[in-house]
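Given next are the chains, with one letter for each unit.
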Amino acid sequence: MGALKPWHIAVLVVVMILLFGAKRLPDAARSLGRSLRIIKAETKSLHDDDRDLAEKADAQAGYQPLPPNAAQPQQSYVQPQQQPYAPPQAPQQPVIDPVQRVRDH
């Protein structure tokens, strides 16, 4: 019952010609073909990307963590003790009150 009969297709073609005109139908079909080609290429690239991600995940599953003692490199030298940074200070001079200085001279 739901099958497409040849006269259904003929009616559809006549309606399309009446709606869009004979000049626009080839252009519309061409642009529809381009769009379908682009969609097909994009879905294929998405499928390929998914496969690449799965391969990378499988490759990373084979990595083994380092043992705890191998994580720290062996040191054959002694590091010097580091002092906290202190900005250089100007030589300490006694603070002289300007008023007192004027009175003394």
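Everything numeric here is computed off the predicted structure, so don't read it as measured data.

Quick notes on the rules
- Position numbers for residues start from 1 in each chain and track the written sequence from start to end.
- Owing to the predicted nature of the model, reporting of local features is limited to residues with pLDDT of at least 70; listing and counting of side-chain atom pairs is limited to 80 or more, with chain, interface and lining totals taken over all residues.
- Water and hydrogen atoms play no part in the side-chain values, which are based on all heavy atoms of the structure.
- Secondary structure elements follow DSSP: runs of H or I of four or more residues count as helices, runs of E of two or more count as strands, with numbering from the N terminus.
- Relative accessible area decides the class of each residue, using a 1.4 Å probe on protein chains only: under 20% of the type maximum gives buried, over 50% gives exposed, and in between gives partly exposed.
- For accessible areas, the Shrake-Rupley method is used with a probe of radius 1.4 Å. Any residue's cover is judged against the shown protein chains and nothing else.
- What makes a patch is a set of residues exposed beyond 30% relative accessible area and free of salt bridges, joined within 9 Å when like-charged and within 5 Å when nonpolar (Val, Leu, Ile, Met, Phe, Trp, Tyr).
- When a carboxyl oxygen of Asp or Glu is within 4 Å of a side-chain nitrogen of Lys or Arg, the pair counts as a salt bridge.
- Positive residues here are Lys and Arg, negative ones are Asp and Glu, while His and the chain termini are left out of the count.
- Charge coordinates come from a single atom per side chain, which is NZ of Lys, CZ of Arg, CG of Asp or CD of Glu.
- For a helix, the expected span equals 1.5 Å multiplied by the number of residues minus one.

Peer 1: What am I meant to see in the overall build of the protein chain here?
Peer 2: Helix and strand counts for the protein chain come out as three helices and zero strands. Mapped from its N terminus to its C terminus, the protein chain presents α and β elements in the order α-α-α. Looking at the 105 residues of the protein chain, the share that counts as buried comes to 0%. When the accessible area of the protein chain is evaluated, it comes to approximately 11,100 Å², of which 61% is carbon and sulfur surface.

Peer 1: What am I meant to see in a negative patch on the surface here?
Peer 2: A cluster of acidic residues, Asp49, Asp50, Asp52 and Glu55, forms a negative patch at the surface. Looking at the element boundaries, aspartate 52 is found in helix α2 (residues 24-61).

Peer 1: Explain a nonpolar patch on the surface to me, please; I cannot follow it from the model alone.
Peer 2: Together, Trp7, Val11, Leu12, Val15, Met16, Leu19 and Phe20 make up a nonpolar patch on the protein surface, roughly 710 Å² of accessible area in all. Of note, methionine 16 is situated in helix α1 (residues 6-20). The exposure class assigned to methionine 16 is partly exposed, which follows from its relative accessible area of 33%.

Peer 1: Looking at this model, I keep getting lost on α1. Mind explaining?
Peer 2: What sets the pattern is the α-helix's 3.6 residues per turn: residues three or four places apart point alike. End to end, α1 covers 21 Å across 15 residues, agreeing with the expected 21 Å (1.5 Å per residue, within 8%). Phi turns positive one or two residues past the end of α1, at glycine 21, with a value near 90°.

Peer 1: I keep staring at the pattern of salt bridges and nothing clicks. Help me out?
Peer 2: For the structure shown, the criterion picks out one salt bridge. Note that arginine 30 is salt-bridged to aspartate 27, the shortest N-O span being 2.9 Å. Residue arginine 30 and its partner aspartate 27 are located together in helix α2, separated by three residues, close to a single helical turn.

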